[in-house]
Protein chains: 2
Amino acid sequence: MQRIAPIKLAARVTGLFQTVHPDSFETTAVPALTLGFGGIGGDRHGGFTRRTGGREPWYPRGTEIRNERQVSLLSPADLARIASGMDVAEIRPEWIGGNLLIEGIADFTLLPARSCLFFAGGVTIRIDGLNVPCRFSGRAVASHYPDREGLDLAFVKAAKDLRGLVGWVEKPGVIAEGEALEVRVPEQWIYRA
Amino acid sequence: MQRIAPIKLAARVTGLFQTVHPDSFETTAVPALTLGFGGIGGDRHGGFTRRTGGREPWYPRGTEIRNERQVSLLSPADLARIASGMDVAEIRPEWIGGNLLIEGIADFTLLPARSCLFFAGGVTIRIDGLNVPCRFSGRAVASHYPDREGLDLAFVKAAKDLRGLVGWVEKPGVIAEGEALEVRVPEQWIYRA
């Protein structure tokens, strides 16, 4: 069995965002994010637990489960590739509920589960895994290009493997814009039954 | 890039254990485990958060982090291979703080991070990943074979990739001995920087 040794990568925070109103899906740029064990205070996706939705069709809608999706992490390069694939000028992180824009990691969205992001200021975010693009985000993107039709579904297709990661707060604190971070990718292998 | 499609596997609970006294590392067989969002009630490894130790040398010892290690899951086949490698009669799950004995999954310890265990009774455990054998567990095993020397280090070596998994409670409830479960292994790939 092939084993890939752990990897350390250097990256930088180039944008921070949070939902200002809990009933709004879109996020707004902020100079710093304050993170607790429950995620971003006041953010729509905060909380120790969350309610399930369409992503978890095996649960009745609204089932309370532990929240492994406290923060949404995006990469400028991946967003640019989505925009290119949809033939639009840009995809703003705010439109799809992004919380952190992380620059400097190739194929950011493909970082494996259990990767850890150690921020210079002391916060640690543990990666649950890649975020599967949904039509809800697609509609949010589409609303910014009212002259184009079908962008909701185009986003779902174009954003596959590019829609960033979700994760949870392992160690609370404050992350500031421009902050450096180290990504630690754990040992990797392929499990075969 | 090679992508391995998600896999579903059938398994069964053949043992349940918890620490009876929070200051004891060893677990005791119980007919059922009651799991909350904080893990096993009263168990040494329960809690929404935990204090770091030797596994996390990058943190000052005792740092409070989110608890991704609420439960320890072991496989009878993997334990038998450890025992064989150490030339001892058996390794009991209780000795190394195991909480669930899961039968029927080949190479159980190598199940990837983000795998989900859906128990027939409604509990879901999300896998953080494999548990790295430590000398602390090795000493616990060694104490059961007082006539043999060096078993603490022998365990650390023999238990690599066989010491089971750690995970956390996604959906609370009760797990009973003999209960069936389905393991859902997510899509897999190798990330290369």
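Note: the structure precedes this text.
Residues numbered from 1 in each chain as written. Chains lettered and ligands numbered in written order. Predicted model: local features only at pLDDT ≥ 70, side-chain atom pairs only at ≥ 80, totals over all residues. Heavy atoms only, no water.

Caption draft 1: Just the environment of I65 of chain B, in detail. Residue placement: I65 of chain B occurs in strand 6 (residues 64–66). By relative accessible area, which is 0% here, I65 of chain B ends up buried. Considered as a pair, I65 of chain B and I40 of chain B are 25 residues apart in the sequence and their alpha carbons are 18 Å apart. Discounting residues that sit within four places of it in the chain, I65 of chain B has contacts with F37, E170 and K171 of chain A together with T49, R50, T52 and Y59 of chain B. (Helix = DSSP H or I, 4+ residues; strand = E, 2+ residues; numbered from the N terminus. Buried < 20%, exposed > 50% of the residue type's maximum accessible area, 1.4 Å probe, protein only. Contact = heavy atoms within 4.5 Å.)

Caption draft 2: Representation of the packing of aromatic side chains. Counted according to the given criterion, the structure contains 11 aromatic pairs over all chains. Aromatic pair F48 of chain A and F48 of chain B: ring centres 5.5 Å apart, planes at 45 degrees, arrangement tilted. Pair noted here: F48 of chain A is in the loop between strand 4 (39–40) and strand 5 (49–51) and F48 of chain B is in the loop between strand 4 (39–40) and strand 5 (49–51), and the two residues belong to different chains. Judged by relative accessible area, which is 43%, F48 of chain B ranks as partly exposed. Where F118 of chain A meets Y59 of chain B, the ring centres are 6.1 Å apart and the plane angle is 55 degrees; that geometry is what we call tilted. A residue pair is termed interchain when its members come from two chains, as with F118 of chain A in strand 9 (residues 116–119) and Y59 of chain B in the loop between strand 5 and strand 6. The pair formed by F118 of chain A and Y59 of chain B is uniform in burial state, with each residue classed as buried. Grouping aromatic residues by their ring pairs yields a cluster made of W58 and Y59 of chain A together with F118 of chain B. The ring of W189 of chain A has R3 of chain A sitting right over it, with the charged end atom 4.8 Å from the ring centre. (Phe/Tyr/Trp six-rings, centres within 6.5 Å; stacked < 30°, edge-to-face > 60°. Lys NZ or Arg CZ within 6 Å of the ring centre and 35° of its normal.)

Caption draft 3: Focus on the environment of I91 of chain A. All names here are of chain A. With respect to the secondary-structure elements, I91 resides in the loop between helix 1 (76–86) and strand 8 (100–103). For I91 and E26, which are 65 residues apart along the polypeptide, the C-alpha to C-alpha distance reads 12 Å. Ignoring any residue separated from it by four or fewer positions in sequence, one finds I91 in contact with L79, I82, A83, M86, I96 and V141.

Caption draft 4: The arrangement of the sheet that holds strand 12 (residues 173–176) of chain A in detail. All names here are of chain A. Taken in spatial order, the 3 strands make up an open sheet running 4-3-12, and their pairing is antiparallel. Pairing within the sheet leaves two strands with one partner each, and these edge strands are strand 4 and strand 12. Of the strand pairs in this sheet, strand 3 (residues 32–36) and strand 4 are connected by 2 bridges, and their pairing is antiparallel. Along strand 4, the bridge assignment pairs L35 with I40. (Pairing = 2+ DSSP bridges.)

Caption draft 5: How the structure looks around the pattern of salt bridges. If you walk through the whole model with that rule in mind, you get 28 salt bridges over all chains. A salt bridge links R126 of chain B to E170 of chain B; its shortest N-O distance comes to 2.9 Å. With a gap of 44 residues between them, R126 of chain B in strand 10 (residues 124–130) and E170 of chain B in strand 11 (residues 165–171) connect regions that are remote in the sequence. One exposure class covers both R126 of chain B and E170 of chain B, and it is buried. For K160 of chain B, the salt bridge is made with D161 of chain B, and the minimal N-O distance between the two is 3.8 Å. When its relative accessible area of 49% is taken as the criterion, K160 of chain B is described as partly exposed. In this structure, a network of salt bridges that share partners links the residues R50, E56, E68 and D128 of chain A together with R114, R126 and E170 of chain B. (Salt bridge = Lys/Arg side-chain N within 4 Å of Asp/Glu carboxyl O.)

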